[in-house]
Structures are given as structure tokens and as C-alpha cells.
Amino acid sequence: MTIDTSISDVGAPGRGKDAGGSGVAGRVPIDRGGMLVKVLVAGGAGFIGSTVSSALVDAGHTPVVLDSLVTGRREFCRGRPFRLADIADADAVDDLLRRHPDIEAVVHCAALIAVPDSVVRPVDYYRANVSATLEFVDRLLAHGIHRMIFSSSAAIYRPDVGLGVDETSALEATSPYAQTKLVVERMLADISASSPLRVLSLRYFNPIGADPAMRTGSQIATPSHALGRLIQAHQAGVPFGVNGLDWPTRDGSALRDYVHVWDLAGAHLRALERFDDLFATGGAPHVCVNLGSGTGTTVLELVAAFNAVVNRPVLVREAPRRPGDTPGAYARGRRASALLGWRPQRDLATGITDSLAWHHRRGQILTNLAPYHRLIAG
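A brief report on the enclosed structure follows. (Residues numbered from 1 in each chain as written. Predicted model: local features only at pLDDT ≥ 70, side-chain atom pairs only at ≥ 80, totals over all residues. Heavy atoms only, no water.)

### Concerning the overall build of the protein
The secondary structure content of the protein amounts to 10 helices and 15 strands. Within the protein, the fraction of its 378 residues that count as buried is 53%. Long-range pairs, those at least 24 residues apart, make up 80% of the contacts in the protein with a sequence separation of at least 6. Here the protein displays about 15,800 Å² of accessible surface, and carbon together with sulfur accounts for 54% of that area. (Helix = DSSP H or I, 4+ residues; strand = E, 2+ residues; numbered from the N terminus. Buried < 20%, exposed > 50% of the residue type's maximum accessible area, 1.4 Å probe, protein only. Contact = heavy atoms within 4.5 Å. Areas by Shrake-Rupley, 256 points an atom, 1.4 Å probe, with all protein chains shown as cover.)

Right, here's the structure in full:
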């Protein structure tokens, strides 16, 4: 069973699933002219989900947050309809959708995401990312919700020569985390091929930055991504460990495509606005789109960019490669622009500056800075 929190979770009365659970009547389609809509954000208490929720609020829409708080933060849900539950909890999802029968689309951000951790705990990652998604989709279909934006990852690609990738590049997941994203994409493609479900998989590259209004940002106290570790090294006054200097890149350090999280949030808004048009022509019921800056930045170049905006430079030291690490990739191609009308607006320096600003503010916003709780199996 689920736990109702003190944060409001009151649905609109009058329409929805009947008491026998036979389906949903009267769902209103998303209006292409800009009708305000209610969107279920699974994982909406996490870094990306909460930022997407803020962008929805700013655009006049209503995000309804579903989150287990395994990695998410309760503080990110203030002022938003919120249910504390796992997406695999069928009773909780059923009850939430009965309370909010006017939900028109789902943004599915709920996942465990740390690559090295996934190598150590693959069972937990497959359970949280794959099995739970299957149960979640089953309930969405039962309630007549057929629009899904899925948070996927560029980690599923095998980089081409030069480390650029587009949506047609070969797929090769090299960590359990990446495998779970690839498995879910294929699972959703199969389900959408035989049901009314339509899925837009947004393949993120490397999110950085924070909500410019500083409402939300990275919630993990001990981050595994490069910029988070760089900020910690700067704060502690210690050298930053670069995980490998023998990668096939221009300076030997791994390459990443850093994209501002607020730009990612904007892409989700564009996706919701254009969702029905994307699938109106009778094409594939599952579409994938890369979300990156289009620029590859090595870790050493990231350090140089970081040192350009701080008053005390960080030194570097070589560190061993971590389990699951790859040389990286950057986004190549124009599908996001062509299909969504989206281009990133914020550069690397802005992402670094906003990340630093959030780091200085997060202690005022997050009341408990302990590392996130580990998923409990069973």
C-alpha cells in the first residue's frame, strides 16, 4: 500500500475510471493550440523530473508528481500534487489516476542512474528501471493514458568515428544502467506497436546546471558525475581525479556532451506541445530524439572551463577508470530541431555557473543533506 503525504494530492472530480476498473471515460486530448494540461511526472522529485515540473508550472501546466523518494527530495514537491509511492505499486498508481482523471500525458523520469553503482547492483537497477516500468505502463494503459515521454540516455550508443552519434547510430550499452535504458526502450516499442500507447524517448546526454530560479538542482550529496565531483574537489581544496587519460580523444580524457538541465526541461515542453503531431501521420509509435548541446567537451576541457569561472583553480590528478566508464559521445544531427523545434540556449559556462550557484544554495533548500537511501530489495 501507499503512504499519502501531507502535500496536497486532490484530484478533479467528476470524470475518470469507474469503480470496477474498466477504463477511463472522457479524457480530453492535448490541444495543439496550447490548452493547459495536467501531466504526471514519474520521478518528479529528482533532478531532471523536478526541473521539468518547474518548467511545466512556469508554462501554466499542472505537474502531478509520483516519486518513491529513494533518490528524490520531498522539498522539490512543495506546492505540487504529490504521491509518495513507487511506480510499480499498482494500487498507488490506480488511486492516483482515479484522483486525477484529467492527466493527459506522462513524463517518465523514475530510475536509478549511477553507472558505477549499476555495475555493483545490477539486480536493483533492472528491478527499479525495467520491471517497475513494465508495471507502470500496464496501469497507464488500463486508465487510458497513451502519451508517454520517456527519459532515456545517450549511454546506449556505440559512438561513431570521432565520438559523434545521431539517432541512427549503432546501439551498444556497456553498463547495467545503460542496458536498462535500452531494454526499456525496446519494451516500450513492442508495447506501443500493439496498443494505443505512443512513446517519445528523449535520449539525454550529460545534464548540468540547475533551475535558473534555484528551485531545484542536483539532489545527490555525493555525485558521481564529473562536474559534481569537480565542485566537491574545489570546495575541499583537493586535486580532481580524472578517470583515465588514455581514452581515444584529443587530450586522452573522456569526452561528454554537457547540456543545461533547463534546456532539457524546455525540450519536454516542446515535446508535449507537438506530441500529437509527431504521431499523427501513422508512422512508428515509438520515436527517439537526442538531447545534447552538439558539442563534445573532454574532462580536461571541463576543468579548464571550470577554472575560468572560479577564483581558485582546481588541480588534476590521474585516477583509474571506473567500472562502466566509456570514452563518451556527443550529439550529432538535427532531429530535435526538426521534430521539436528545440535547440539548446545555454552554454557550458552557464551550466557551470548555475551548478555552482545551486551548490551554494542547496543547503538552504534541502533540509537533510545525507546521501540518498539505497534501494531495499524485496
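### Digging into the packing of aromatic side chains
Two measures describe an aromatic ring pair: the distance that separates the ring centres and the angle between the ring planes. Counting across every chain of the model gives 2 aromatic pairs. Summarising the aromatic geometry, the rings of Phe76 and Trp358 are spaced 6.0 Å apart at their centres and angled 55° between planes, so their arrangement reads as tilted. One end of the pair, Phe76, is in the loop between strand 2 (62-67) and strand 3 (82-84); the other, Trp358, is in helix 10 (residues 348-365), and 282 residues separate them in sequence. Like Phe76, the residue Trp358 is buried in the burial classification. Here the aromatic rings of Phe275 and Phe279 are separated by 4.9 Å at their centres, their planes lie at 45°, and the arrangement is tilted. A relative accessible area of 12% places Phe279 in the buried class. (Phe/Tyr/Trp six-rings, centres within 6.5 Å; stacked < 30°, edge-to-face > 60°.)

### Section: the side chain of Ser201
Within the fold, Ser201 resides in strand 7 (residues 198-204). One polar contact links Ser201 to His286, side chain to side chain, over a distance of 2.7 Å. Aside from chain neighbours lying at most four places away, what touches Ser201 is Phe150, Ser152, Glu185, His286, Val287, Cys288 and Val289. (Polar contact = N/O pair within 3.5 Å; in protein donor to acceptor, adjacent residues only side chain to side chain.)

### Focus: the pairing of strand 7
Within a regular strand, side chains alternate between the sheet's two faces. The buried count for strand 7 comes to 6 of 7 residues, which makes it a mostly enclosed element. As paired elements, strand 5 (residues 147-153) and strand 7 share 7 bridges and run parallel to each other. Paired with Ser153 across the two strands is Tyr204, which belongs to strand 7. In terms of strand pairing, strand 7 meets strand 12 (residues 286-291) through 6 bridges, oriented parallel. (Pairing = 2+ DSSP bridges.)

### Remarks on the sheet that holds strand 7
Through backbone hydrogen bonds, the strands of a sheet pair up, either in parallel or in antiparallel fashion. With parallel pairing, 7 strands are arranged side by side in an open sheet as 3-2-1-4-5-7-12. With partners counted over all chains shown, the strands left at the sheet margins are strand 3 and strand 12, one partner each. With direction set aside, neighbouring strand axes in the sheet form an average angle of 20°. Seen against the sheet, helix 4 (residues 122-142) touches strand 1 (38-42), strand 2, strand 4 (103-108) and strand 5 and runs at an angle of roughly 170° to strand 4. (Axes fitted to C-alpha atoms, helices over the stretch in contact; angles between N-to-C directions.)

### Considerations on helix 7 (residues 261-278)
For helix 7, the principal kink sits at Leu272 and spans about 40°. Within helix 7, 13 of the 18 residues are buried, which leaves it mostly tucked inside the rest of the structure. (Bend = angle between axes of the 7 residues up to and from the residue.)

### A few points about helix 4
Taking 1.5 Å of rise per residue, 21 residues should cover 30 Å, and helix 4 covers 29 Å from first to last C-alpha, within 8% of that figure. Of all the bends in helix 4, the largest measures some 30° and sits at Ala132. Turning to helix 4, its buried residues are Asp124, Tyr125, Ala128, Asn129, Val130, Ala132, Thr133, Phe136, Val137, Arg139 and Leu140. Phi for Gly144, located one or two positions after helix 4, is positive at around 75°. (Expected span 1.5 Å × (residues − 1).)

### Things to note about the environment of Val161
By secondary structure assignment, the location of Val161 is in the loop between strand 5 and strand 6 (164-165). Val161 sits 168 residues away from Ala329 along the chain, and the two C-alpha atoms are 10.0 Å apart.

### As for the nonpolar core
If you look at soluble globular proteins, the nonpolar side chains tend to sit buried side by side. The biggest cluster of nonpolar side chains holds 33 residues, and the ones touching the most others in it are Ile48, Leu200, Leu202, Val289, Leu291 and Leu340. Those elements that provide at least two residues to this core are strand 1, helix 1 (47-58), strand 4, strand 7, helix 7, strand 12 and helix 9 (335-340). Per-element accounting of this core gives the leading share, 10 residues, to helix 7. When sequence neighbours within four positions are dropped, the list of residues in contact with Leu291 reads Leu202, Arg203, Tyr204, Phe205, Val259, Leu264, Ala267, Ala336 and Trp342. By size, the runner-up hydrophobic cluster in this structure holds 27 residues, among which are Leu66, Ala92, Phe150 and Val199. (Core = buried A, V, L, I, M, F, W, Y, C linked by side-chain atoms within 4.5 Å.)

### Topic: the environment of Arg99
Tracing the sequence through the fold places Arg99 in helix 2 (residues 90-99). Among the residues examined, Arg99 registers a relative accessible area of 31% and is labelled partly exposed. A polar side-chain atom of Arg99 sits 3.0 Å from a polar atom in the side chain of Asp95.

Nothing here speaks to function; it is all geometry.
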